[in-house]
Structure formats: C-alpha cells, structure tokens
Amino acid sequence: MTNSLNDVIEELKVVSGNERNNILLPDDDLISKYERETGFSFSSDYKKLLKEVGNIYYGTIELLSVTEDKKFYGELLTAINDAKQVGVPESWLPICEDNGSYYCLDQQGRVQYWSGDGDSEEQWPDLAAWVKDVWIDGN
C-alpha cells in the first residue's frame, strides 16, 4: 500500500503531537526566492511538505529550514553548500541532514540517502514514502 503525501503529513502531525520549533513556515514567495537562489526547482510535493510540516521536529529528523533571515540551524542554503563540499551529487537537493549524511531529492522525485562514507543504495520512490519510512516509522 502506498501512502499519499496528505496522509503521511497528517500522520506526522499526530505522532509528533504537532510540536513545532520556533521558525515560521515558508510561503510561496519565500520558496520561490529559495528556488532562484539555489538553482533548484522544488517539486509541488516538496513545497507542500515545507509549507505544512517544515517546522516539525520529530524524533531525530527535521527538514532543512527555509527562512527569510537564513540564520536558523539546519538552513537549506548552507546545507546545499556543505553537501556539495562533501561529495553529494550536484543534481541532488538535500532536504534533511543527519549527522553528516543527507537525504536528498533527485531529479526523478526519489529520495536518495547519501552517507558520510559516500554513496548509498538506500532510496525511497517519493517524499511520502520517505516521510512514512524514515521520519515517522524510523523514530
């Protein structure tokens, strides 16, 4: 059974108790600004995730932050630069950093895991599967 993104977003809100960190969720304008600055075109699913649960911290996982002032720990632009320096493929968009390893969106919409030791075979077919398997069930 595949999970829809809407279903896993709602499940994440429930299991996390809807606990959120102190950053504001991004709006479409801020996300567009990030797309221009990063050179990445964000998928509609990634935008939805950012806008609805981009400030939920559950277990040991949280999305990289998209903020106006870009000073929050785990900031997306900083993480993209850091990821490139350690060898994450340039076409992969980091969405979550985990102790020097990264979960990244590839150009086909899959989530790829890049470990600090290099490439990994771990991947998920889409964001919904990653949220369910890693963020919800992995915590």
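Above: the structure in question.
Every chain begins its residue count from 1, and numbering advances along the sequence as written. Local features in this predicted model are restricted to residues of pLDDT 70 or higher, and side-chain atom pairs are both shown and tallied only at a pLDDT of 80 or more, whereas totals for entire chains, interfaces and linings draw on every residue. Here the side-chain values reflect all heavy atoms present in the structure, with hydrogen atoms and water set aside.

Asker: Where do I start with the packing of helix 3 (residues 44-53) against helix 5 (residues 127-136) in this structure?
Answerer: A pair of packed helices is captured by two measures, namely the crossing angle of their axes and the spacing between those axes. To obtain an axis, a line is fitted to C-alpha atoms, over the contacting stretch when the element is a helix, and the angle between two such axes runs from 0 to 180 degrees between their N-to-C directions. Elements are defined by DSSP. Helices are runs of H or I of four residues or more, strands are runs of E of two residues or more, and each kind is numbered from the N terminus. Viewed as axis vectors pointing N to C, helix 3 and helix 5 meet at an angle of 45°, and their least axial separation amounts to 10 Å. Taken as axis vectors, helix 3 and helix 5 run oblique relative to one another. Mapping the contact onto sequence places Asp45, Tyr46, Leu49 and Val53 in helix 3 and Leu127, Val131 and Trp135 in helix 5. Should an angle fall under 35 degrees it is taken as roughly parallel, and over 145 as roughly antiparallel, whereas 65 to 115 is taken as roughly perpendicular and any remaining angle as oblique. Any two residues whose heavy atoms approach within 4.5 Å are treated as being in contact.

Asker: Would you take a moment to explain the packing of helix 2 (residues 28-38) against helix 4 (residues 76-85) for this structure?
Answerer: Two elements in contact, helix 2 and helix 4, have axes separated by 11 Å at closest approach and are oriented at 25°. Taken together, helix 2 and helix 4 sit at an angle that is classed as roughly parallel. Handedness of the crossing formed by helix 2 with helix 4: right-handed. Packed against helix 2, whose contacting residues are Tyr34, Glu37 and Thr38, the element helix 4 presents Leu76, Leu77 and Ile80 at the interface. Residue polarity follows a fixed list, in which Ala, Val, Leu, Ile, Met, Phe, Trp, Tyr, Cys and Pro are nonpolar, Asp, Glu, Lys and Arg are charged, and the others, Gly among them, are polar. Broken down by class, the residue content of the contact of helix 2 with helix 4 amounts to four nonpolar, one polar and one charged. By definition, any crossing whose near helix is turned counterclockwise from its far helix by less than a right angle is left-handed, and any crossing with a clockwise turn is right-handed.

Asker: Help me out: how do you make sense of the packing of aromatic side chains in this one?
Answerer: Geometrically, a pair of aromatic rings is defined through the distance of the ring centres and the angle of the planes. Two rings from Phe, Tyr or Trp (for Trp, the six-membered ring) form a pair when their centres sit within 6.5 Å of each other. Planes less than 30 degrees apart are called stacked, planes more than 60 degrees apart edge-to-face, and all others tilted. By the definition in use, this model includes five aromatic pairs. Aromatic side chains Phe42 and Tyr46 sit 5.1 Å apart centroid to centroid with 70° between the ring planes, which places their arrangement in the edge-to-face category. Exposure class is identical for Phe42 and Tyr46. Each is buried. Where Trp130 meets Trp135, the ring centres are 6.0 Å apart and the plane angle is 45°; that geometry is what we call tilted. Exposed residues in this analysis have more than 50% of their type's maximum accessible area, buried residues have under 20%, and partly exposed residues fall in between, with area computed by a 1.4 Å probe over protein chains only.

Asker: Quick question: what am I supposed to make of the state of the cysteines here?
Answerer: Note on terminology: a disulfide is the covalent bond linking the sulfur atoms of two cysteines. Any cysteine sulfur atom paired with another within 2.5 Å is treated as part of a disulfide. Using the criterion set out here, one finds zero disulfides in the structure. A disulfide-free cysteine, Cys96 has its sulfur positioned 9.4 Å from the sulfur of Cys104, the nearest such atom. On the accessibility criterion, Cys96 (0% relative accessible area) is buried.

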